[in-house]
Amino acid sequence: MGRLGGQLRVIPGAVIGWDMGAALALATALGIAPLVAAELLPEIEAVMVRKLNEAIGD
């Protein structure tokens with residue numbers, strides 16, 4: 001997931017998520033089945049967004 005750092009979607013003062021098209025392309029390039037990535041990425045993204053926005057708010 002660290003490789004997706006440059007694919008963040010942001011608005012002033014908040015992170016809103018990843019560019020999922022880029023995330024799925026990266027997963028495919030890394031040999032991860034798109035179906036697996038599509039199932040797991042939204043859950044991981046939700047945690048990432050929450051934690052980053054908490055850090056921004058501090």
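Residues numbered from 1 in each chain as written. Predicted model: local features only at pLDDT ≥ 70, side-chain atom pairs only at ≥ 80, totals over all residues. Heavy atoms only, no water.

Draft legend 1. Structural context of the overall build of the chain. Counting its regular elements, the chain contains 2 helices and 2 strands. Along the chain, from the amino end to the carboxyl end, the secondary structure elements read β-β-α-α. Dimensions along the principal axes, computed over C-alpha positions, put the chain at roughly 35 × 20 × 15 Å. Sorting the 58 residues of the chain into buried and exposed places 19% on the buried side. (Helix = DSSP H or I, 4+ residues; strand = E, 2+ residues; numbered from the N terminus. Buried < 20%, exposed > 50% of the residue type's maximum accessible area, 1.4 Å probe, protein only.)

Draft legend 2. Structural detail: the pairing of strand β2 (residues 14–18). Across 4 bridges, strand β1 (residues 8–11) lies against β2 in antiparallel orientation. By the bridge assignment for β2, V10 is matched with V15. Remark: 2 residues form the turn of the hairpin made by β1 and β2, two consecutive strands paired antiparallel; G13 in that turn has positive phi of roughly 85°. (Pairing = 2+ DSSP bridges.)

Draft legend 3. Local environment of a nonpolar patch on the surface. There is a patch of nonpolar side chains on the surface, built from L30, I32, V36, L40 and I44 and spanning about 400 Å² of accessible area. Considering the arrangement of structural elements, one finds V36 in helix α2 (residues 34–57). (Patch = residues over 30% accessible without salt bridge, like charges linked within 9 Å, V, L, I, M, F, W, Y side chains within 5 Å. Areas by Shrake-Rupley, 256 points an atom, 1.4 Å probe, with all protein chains shown as cover. Salt bridge = Lys/Arg side-chain N within 4 Å of Asp/Glu carboxyl O.)

Draft legend 4. Just the environment of A46, in detail. Within the secondary structure layout, A46 lies in helix α2. For A46, a relative accessible area of 36% translates into the label partly exposed. Put simply, A46 and G17 are 29 residues apart on the chain and 7.6 Å apart in space, counted from C-alpha to C-alpha.

Draft legend 5. Layout of the pattern of salt bridges. One pass over the full model with this rule turns up 1 salt bridge. Notably, a salt bridge pairs R9 with D19, separated by 3.7 Å at the nearest N-O pair. Separated by 10 residues along the polypeptide, R9 in strand β1 and D19 in the loop between β2 and α1 (20–29) bring together distant segments of the chain.

Draft legend 6. Region of interest: the nonpolar core. Among the nonpolar cores identified, the biggest contains 9 residues, and these are L4, V15, W18, A23, A27, A37, L41, M48 and V49. It is α2 that provides the largest number of residues to this core, a total of 4 residues. The residues touching L4, leaving out its near neighbours within four places in the chain, are W18, A23, L26 and L41. (Core = buried A, V, L, I, M, F, W, Y, C linked by side-chain atoms within 4.5 Å. Contact = heavy atoms within 4.5 Å.)

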